[in-house]
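The residues making up each chain are set out below.
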Amino acid sequence: MATKTAIERGDERSAKRQAPGALQEFGGNAMGTWTNFTSFLSDVRAEMRKVVSPSWDEVRVTTFAVILTVVFFGVFFFAVDFVFRLGVNNLLNKLGGSQ
C-alpha cells in the first residue's frame, strides 16, 4: 500500500520494498521450488483422473485391426518386391550383366 506522500508525488511504487529474507537467500529459494514441485504433482494427479482405460472389447477390436493391417502390408510389400525383383533381373539379363 502506498503512503500518502508517495501518492501526492505521483510515485506509484510502494514505500517499503520486500527484501528477500536470510532463510530464502540461504536455502536458494528451496521453498519456491518445493511449491512448484507440489503444484506439478497436483496437476499430474488431476490429469491422471481424466485417463480412461479401454474395455476388453475395444482392446480386442483394435488388436485385430492392427494384426490385419500388418498382414495386408506384409503381403503388399512382398508382391511389390517380387515384381521389382523380376523386372530388375529381366533388365540385367537383357543387358548381359547377370548370367
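First, a word on what this report is: a plain description of the structure on this page. (Residues numbered from 1 in each chain as written. Predicted model: local features only at pLDDT ≥ 70, side-chain atom pairs only at ≥ 80, totals over all residues. Heavy atoms only, no water.)

A few points about the overall build of the protein chain
The line we're drawing: Secondary structure follows DSSP: runs of H or I at least 4 residues long count as helices, runs of E at least 2 residues long count as strands, and numbering of each begins at the N terminus. To sort residues, take the accessible area from a 1.4 Å probe on protein chains only and compare it with the maximum for the residue type: under 20% means buried, over 50% means exposed, and anything in between is partly exposed. Areas reported here follow the Shrake-Rupley algorithm with a probe of radius 1.4 Å; residue values treat only the protein chains shown as occluding.
Tallying secondary structure elements over the protein chain gives 4 helices and 0 strands in all. Traced from its N-terminal end to its C-terminal end, the protein chain shows the element sequence α-α-α-α. When burial is assessed residue by residue, the protein chain has 1% of its 99 residues classed as buried. Roughly 9,700 Å² of accessible area belongs to the protein chain as shown, and the carbon and sulfur atoms make up 66% of that amount.

Some thoughts on the pattern of salt bridges
Note the cut-off: Each salt bridge in this description consists of a side-chain nitrogen of Lys or Arg and a carboxyl oxygen of Asp or Glu lying within 4 Å of one another.
Under the counting rule described, the total for this entry stands at 2 salt bridges. Across the pair Lys 50 and Glu 47 runs a salt bridge whose closest N-O atoms are separated by 3.2 Å. For Arg 60, the salt bridge identified is with Asp 57, shortest N-O distance 3.1 Å. Of this pair, Arg 60 and Asp 57 both sit in helix α4 (residues 56-95), 3 residues apart, which is roughly one turn of that helix. By the burial criterion, Arg 60 is exposed, and Asp 57 matches it.

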